Amino acid sequence: MNTKDNSTASRLRIENATIGYDKTVISKNISVEISHNSFTAIIGPNGCGKSTLLRGLARVITPAEGHVYLDDKDISKYKPKEVARVLGLLPQTSLAPEGIRVADLVARGRAPYQSLIQQWRQSDEDAVNMALTATRLTDLSDRYVAELSGGQRQRVWIAMLLAQQTPIMLLDEPTTFLDIAHQYELMELLRDFHEEGKTVVTVLHDLNQAARYADHLIVMKKGEVITSGVPEEVLTKEMVADVFGLEAMICPDPATSTPTVVPLDPRVANQQPKLTEDGTQVAAGVNNPEFSNTH
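Because the structure is a prediction, the values reported are computed rather than measured. (Residues numbered from 1 in each chain as written. Predicted model: local features only at pLDDT ≥ 70, side-chain atom pairs only at ≥ 80, totals over all residues. Heavy atoms only, no water.)

### Focus on the side chain of arginine 155
- Within the element layout of this structure, arginine 155 appears in helix 5 (residues 150-163).
- Judged by relative accessible area, arginine 155 falls into the buried class, the value being 11%.
- In terms of polar contacts, arginine 155 uses its side chain to reach the side chain of glutamate 185, at 3.4 Å.
- Apart from the residues lying within four places of it in its own chain, the contact partners of arginine 155 are Thr135, Arg136, Leu137 and Glu185. (Helix = DSSP H or I, 4+ residues; strand = E, 2+ residues; numbered from the N terminus. Buried < 20%, exposed > 50% of the residue type's maximum accessible area, 1.4 Å probe, protein only. Polar contact = N/O pair within 3.5 Å; in protein donor to acceptor, adjacent residues only side chain to side chain. Contact = heavy atoms within 4.5 Å.)

The structure is reproduced here in structure tokens:
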């Protein structure tokens, strides 16, 4: 399988695809391109087709029409283990087998490299240990998964995905059911993987998290891709109103300067958001020098 060095090249894309379940079409003639070494967040309202698109990219579902390409080759032409060595998927809900320990579940990420002839090797052991270390689970490796907190269990699934050692990681709503501290801990972990050279594609509900961590946004509505691009260009008040039905202003995050969605209060009539000298909308009351010069 080819490896592309160009950071803007596409290793994974879906072209003119019709995807859905059984006879139910979710998206028709959809086309998406995932740039190599990018951090992509797929955003949109509930039921718009985000997870379906991710499953189509991962070959979990097969398009009724159109194609998915991995390294410019139709993904259906690869053997399952070939795909699993390049592309790893963390589904929205994962259920661990009863009575399994953390290290044993993480070790299942090495399945694409096992066969009747080629059994467990030192490289497999090294990959599992690396994944446990990266997700700070080494001290919990002998614990039963069922004994862990929700945040810890999610880190175990991430570790299993990391042990798979794929250059492309797909995650479906990985922050669901996590409290805010664990959400940001997980997003920081994904950013670390991205900075190490992995291509990360994740479905997210939190627009501000998407804008803070991703360098590429794909916006969906009713099964269609409405727009895509860098957060600074994609995340506009017009887009938020059109796609999410939410009146909001967009202002810089005080910590990162990335776009932040601030919903307007419908109980306050004739709201006039404050502006910086360059015309950027800001949230009233933010104690930051960047927001001090307002009209």
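There's more to say after this.
### Digging into the pairing of strand 4 (residues 65-70)
- Both strand 1 (residues 10-21) and strand 4 contribute to a ladder of 5 bridges, which runs antiparallel. Paired with isoleucine 14 across the strands is valine 68, a residue of strand 4.
- Bridge count for strand 4 against strand 5 (residues 73-74) is 2 bridges, and the pairing is antiparallel. Its bridge partner being in strand 5, tyrosine 69 is matched across the sheet by aspartate 74.
- Linkage of strand 4 to strand 5, two consecutive antiparallel strands, is achieved through a turn of 2 residues, within which aspartate 71 is found at a positive phi near 55 degrees. (Pairing = 2+ DSSP bridges.)

### Observations concerning the nonpolar core
- Within the largest apolar cluster, 48 residues are counted, with the highest numbers of intra-cluster contacts made by Val106, Val156, Ile158, Leu171 and Val240.
- Element by element, the count of residues in this core is highest for helix 5, at 7 residues.
- The contacts of valine 106, once residues within four sequence positions are left out, are Val128, Ala131, Leu132, Val156, Ala159, Met160 and Ala163.
- In terms of nonpolar packing, the next biggest core, distinct from the first, is built from 27 residues, Ile19, Val32, Ile34 and Ala58 among them. (Core = buried A, V, L, I, M, F, W, Y, C linked by side-chain atoms within 4.5 Å.)

### Notes on the pattern of salt bridges
- The tally for this structure, following the rule as stated, stands at 13 salt bridges.
- A salt bridge links aspartate 124 to arginine 110; the nearest nitrogen and oxygen atoms lie 2.9 Å apart. With aspartate 124 in helix 4 (residues 122-134) and arginine 110 in the loop between helix 3 (102-107) and helix 4, the pair connects residues that are 14 residues apart, well separated along the chain. Taken as a pair, aspartate 124 and arginine 110 share a single burial class, namely buried.
- Close ionic contact of aspartate 253 with arginine 212 constitutes a salt bridge, the shortest N to O distance being 2.8 Å. With aspartate 253 in the loop between strand 11 (248-252) and strand 12 (259-263) and arginine 212 in helix 7 (residues 207-213), the pair connects residues that are 41 residues apart, well separated along the chain.
- The buried category is assigned to aspartate 253, whose relative accessible area is 10%.
- A residue is classified by how much of its surface remains accessible, and arginine 212, at 22% relative accessible area, is partly exposed. (Salt bridge = Lys/Arg side-chain N within 4 Å of Asp/Glu carboxyl O.)

### Some points on empty space enclosed by the protein
- With the rule as written, the count across this model stands at 1 cavity of 30 Å³ or more.
- Considering only enclosed or pocket space, the largest cavity measures out at about 40 Å³ in volume.
- Taken together, Gly151, Gln154, Arg155, Leu178, His182, Glu185 and Leu186 make up the lining of the largest cavity.
- At the level of elements, helix 5 and helix 6 (180-195) are the ones that each hand at least two residues to the lining of the largest cavity.
- Within the lining of the largest cavity, the residues separate by chemical class into 2 nonpolar, 3 polar and 2 charged. (1 Å grid on protein atoms, 1.4 Å probe; cavity = no way out; pocket = protein on both sides within 12 Å on 5 of 7 lines; lining within 4 Å. Points joined across faces, edges and corners; volume = space filled by probe spheres on them. Nonpolar A, V, L, I, M, F, W, Y, C, P; charged D, E, K, R; others polar.)

### Here's the deal with helix 9 (residues 237-244)
- Here helix 9 has its buried residues at Met239, Val240 and Val243. Angular distribution of buried residues about the axis of helix 9 spans 100 degrees; they occupy a single face of the element.
- The inward-facing, buried residues of helix 9 abut helix 7, strand 9 (216-221), strand 10 (224-229), helix 8 (231-234), strand 11 and strand 12.
- Positive phi shows up at glycine 245, right after helix 9, with a value of about 65 degrees. (Arc of directions from axis to C-beta.)

### Topic: the packing of helix 4 against helix 5
- Running from N to C, helix 4 and helix 5 point in directions that differ by 140 degrees, and their axes come no closer than 8 Å. The orientation of helix 4 relative to helix 5 falls into the category oblique. Between helix 4 and helix 5 lies a crossing of right-handed hand. Between helix 4, through Ala127, Val128, Met130, Ala131 and Ala134, and helix 5, the contact on the second element is made entirely by Ala159, Leu162 and Ala163.
- Of the residues contributing to the contact of helix 4 with helix 5, the split by class is 8 nonpolar, no polar and no charged. (Axes fitted to C-alpha atoms, helices over the stretch in contact; angles between N-to-C directions. Parallel < 35°, antiparallel > 145°, perpendicular 65-115°, else oblique. Left-handed = near helix turned anticlockwise from the far one by under 90°.)

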